[in-house]
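What follows is each chain in one-letter form.
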Amino acid sequence: MSSSRKRSKDTDQKSKKPKVTPTQTLPYYGLHNQGATCYLNCVLQVLSMTTEIHDRLEPRSQIIDQQLKNIFKKLKETPCQTGNLTKSLGIKNVLQQRDAAECLELILNKISPQASEVFQGQLTYTTKCCSGHSINEETNPFWTLPLSLKDAHDKTFSVESGLEKFFHPKSFNGDNMVYCNECEEKTEAESGCEMVAFPQILTLLLKRFDYVNMKHVKTTCSVDVPRALQRKEKRYDLYGMVNHTGSLRGGHYTAILLSNEDHTWYEFDDTRVNKVEEQPFAETGTYNSSDVYLLVYRASGSLRVEGKEPEMDRRRDAINLEESREKKKMKKDAKYKQEVPRFPESRIQEDALVLQQIQNTSNSSRRQADRSAAEEMMEKGCKNKPDENSRPRYKMHPLWILLIVIVVMLVVALIIALAIIYY
Ligand SMILES: [Zn+2]
């Protein structure tokens, strides 16, 4: 499509943005826009405010870690350029707008694992038949949880309800019944999704870019943003929002971030950084936005204080993860082969239409942690028939083997001796 070469408009649409006040002494600086790299600037400001990753970067071995470290350092003193980073990230066309969520994942894919693991959680998808037999179970890592806005229509979307829906079990009955190996027939089933490892930083993606009725659309519904989220015993506090204003083809990204230092919300709009005049949550304890696209939450207690790691949370998560892995391994050893979860390589393709990017975003890219993955696994589970590999194998102790060999040899010797005596 020829329009793919069209320069995407990096228009500022301030109508719905929170009011900001320029102040003289700001603790933060902005980033220069190379053409349409506002998506990158927002992600970098989020990462800059995510101090948990700063000491985990490995500037000696990873070029992107080094560049990020330099940018974070410079941002305390002066506005920054991003030319070297876009080259290292393989972004050739800086005049083409990209998806901020994909950009975040691209960077997380390329930095050292101990830095990116701050953003990484694990989801386990399970499918059980109506008699409680396990049909399928799979654990995958995730960096963002995509929440569908399809049901919101023109109403206000509640992030908390969307999150509940994401984890709500799904039933399979009627024509959708699935084959259970234990029942040896098609049965009703239920699939569920559970977060088995909580990330330190939880990123929610509001799927504003979607494919509805054969058309790519941007949903501009209003979203009720919760200040805090509770998942089981884990509490998450909001500290970052990435906003998208404008249309599918041309838009602009900005970020609103809560300062770790003065606990004030600032808006980052390329080189412009301003204190948000009407501080989110200040008046009513609520915040509502038609532009918010990414929500970034920090696990309570995970922010480093005076150089100390939040060991308790990390240790508890590690124990939880280890326990769930152990349980799963025991089950899978008996029935299913272990699948190693892998992150896909960079999903950002050069010279692709903004539209195609959005399609990727709403389809393949988001499938990683999407509920549709559970359905795929259901299908896989249906096709799983009992076979040689799926049966448990019994290993014999070597001493038993030796004993059997000796007995066999004695019997053979006895037969030979008897044969000699008789003949
Ligand atoms: Zn069954």
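What counts, and where the lines are drawn
- Residues numbered from 1 in each chain as written.
- Predicted model: local features only at pLDDT ≥ 70, side-chain atom pairs only at ≥ 80, totals over all residues.
- Heavy atoms only, no water.
- UniProt positions renumbered as here; feature names shortened; annotations may be inferred.
- Helix = DSSP H or I, 4+ residues; strand = E, 2+ residues; numbered from the N terminus.
- Phe/Tyr/Trp six-rings, centres within 6.5 Å; stacked < 30°, edge-to-face > 60°.
- Buried < 20%, exposed > 50% of the residue type's maximum accessible area, 1.4 Å probe, protein only.
- Lys NZ or Arg CZ within 6 Å of the ring centre and 35° of its normal.
- Donors = N, O, S within 2.8 Å, 3.2 Å for Na, K, Ca; no water.
- Tetrahedral: all angles 85-135°; square planar, octahedral: opposite > 155°, others 65-115°.
- Pairing = 2+ DSSP bridges.
- Core = buried A, V, L, I, M, F, W, Y, C linked by side-chain atoms within 4.5 Å.
- Contact = heavy atoms within 4.5 Å.
- Salt bridge = Lys/Arg side-chain N within 4 Å of Asp/Glu carboxyl O.
- Axes fitted to C-alpha atoms, helices over the stretch in contact; angles between N-to-C directions.

Caption draft 1: The UniProt feature "transmembrane region" (unreviewed entry) in the protein, seen in detail. On the UniProt side, "transmembrane region" (unreviewed entry) is annotated at positions that read residues 399-422 here. For residues 399-422, the end-to-end C-alpha separation is 35 Å, with 100% helix and 0% strand making up the annotated structure.

Caption draft 2: A look at the packing of aromatic side chains. For the structure on display, the rule yields 7 aromatic pairs. Plain terms: the ring middles of Phe 166 and Phe 167 are 5.1 Å apart, the flat faces sit at 75° to each other, and that makes the pair edge-to-face. For the pair formed by Phe 166 and Phe 167, the shared burial category is buried. Each ring, one from Phe 281 and one from Tyr 287, has its centre 5.8 Å from the other, and the planes form 50°; the classification is tilted. Accessibility classification places Phe 281 together with Tyr 287 in one group, the buried group. An aromatic cluster is built from Tyr 28, Tyr 266 and Phe 268, whose rings are joined through pairwise contacts. Lying over the aromatic face of Phe 281, Arg 227 brings its terminal NZ or CZ to 5.7 Å of the ring centre.

Caption draft 3: Seen up close, the coordination of the zinc ion. Taken together, Cys 129 (SG), His 133 (ND1), Cys 180 (SG) and Cys 183 (SG) make up the full set of protein donors to the zinc ion, lying 2.2 to 2.3 Å away. Seen from the zinc ion, its 4 donor atoms lie at angles of 99 to 118°, and the figure they make is tetrahedral. In primary-sequence terms, the residues that donate to the zinc ion follow C-x3-H-x46-C-x2-C. Taken together, the residues His 133 in the loop between β2 (121-129) and β3 (134-142) and Cys 183 in the loop between β7 (178-180) and β8 (185-187) connect sequence positions 50 residues apart. Accessibility expressed as a relative area gives 23% for Cys 183, which makes it partly exposed.

Caption draft 4: Structural detail: the environment of Glu 105. For Glu 105, the position within the fold is in helix α4 (residues 100-110). A C-alpha to C-alpha distance of 7.2 Å links Glu 105 and Trp 143, two positions 38 residues apart in sequence.

Caption draft 5: Representation of the sheet that holds strand β5 (residues 157-158). Strand order across the open sheet formed by 3 strands is β5-β13-β19, with mixed pairing between neighbours. Looking along the sheet, the strands with just one partner apiece sit at the ends: β5 and β19 (287-289). As defined by bridge partners, strand β13 (residues 223-225) adjoins β19 across 3 bridges and the pair is classed as antiparallel. Following the sheet pairing, Val 225 is matched in β19 by Tyr 287.

Caption draft 6: Main features of the nonpolar core. Counting residues in hydrophobic clusters, the biggest one holds 85 residues, and the most contacted among them are Ile 107, Leu 145, Leu 204, Val 225 and Leu 295. When residues in this core are grouped by element, the largest group, 9 residues, is from helix α1 (residues 38-49). Leu 295 has contacts with Val 159, Leu 202, Thr 203, Leu 204, Leu 206, Val 225, Leu 238, Gly 240 and Met 241, leaving out every residue within four places of it along the chain. Counting residues in hydrophobic clusters, the runner-up holds 6 residues, among them Cys 129, Ile 135, Phe 172 and Cys 180.

Caption draft 7: Structural view of the pairing of β3. The buried count for β3 comes to 9 of 9 residues, which makes it a mostly enclosed element. In this structure, β2 lies alongside β3, joined through 8 bridges in antiparallel fashion. In the strand pairing of β3, Gly 121 is matched with Phe 142.

Caption draft 8: Spotlight on the pattern of salt bridges. With the rule as written, the count across this model stands at 6 salt bridges. Close ionic contact of Arg 56 with Glu 117 constitutes a salt bridge, the shortest N to O distance being 2.9 Å. Note that Arg 56 is positioned in the loop between α1 and α2 (63-74) and Glu 117 in the loop between α5 (113-116) and β2, a separation of 61 residues in sequence. Residue classification places Glu 117 among the partly exposed residues on the basis of a relative accessible area of 38%. Residues Glu 194 and Lys 232 are paired through a salt bridge, measuring 2.5 Å at the closest nitrogen-oxygen approach. With Glu 194 in strand β9 (residues 189-197) and Lys 232 in the loop between β14 (228-231) and β15 (234-246), this pair connects stretches of sequence that are 38 residues apart.

Caption draft 9: Seen up close, the sheet that holds strand β6 (residues 170-172). Here we have 4 strands laid out as an open sheet, ordered β3-β2-β9-β6, and antiparallel in their pairing. Both edges of this open sheet fall to β3 and β6, since each of them pairs with a single strand only. Here the average twist between neighbouring strands, direction ignored, is 20°. Set on the sheet, helix α6 (residues 159-167) makes contact with β2 and β9; between it and β9 the angle comes to about 115°.

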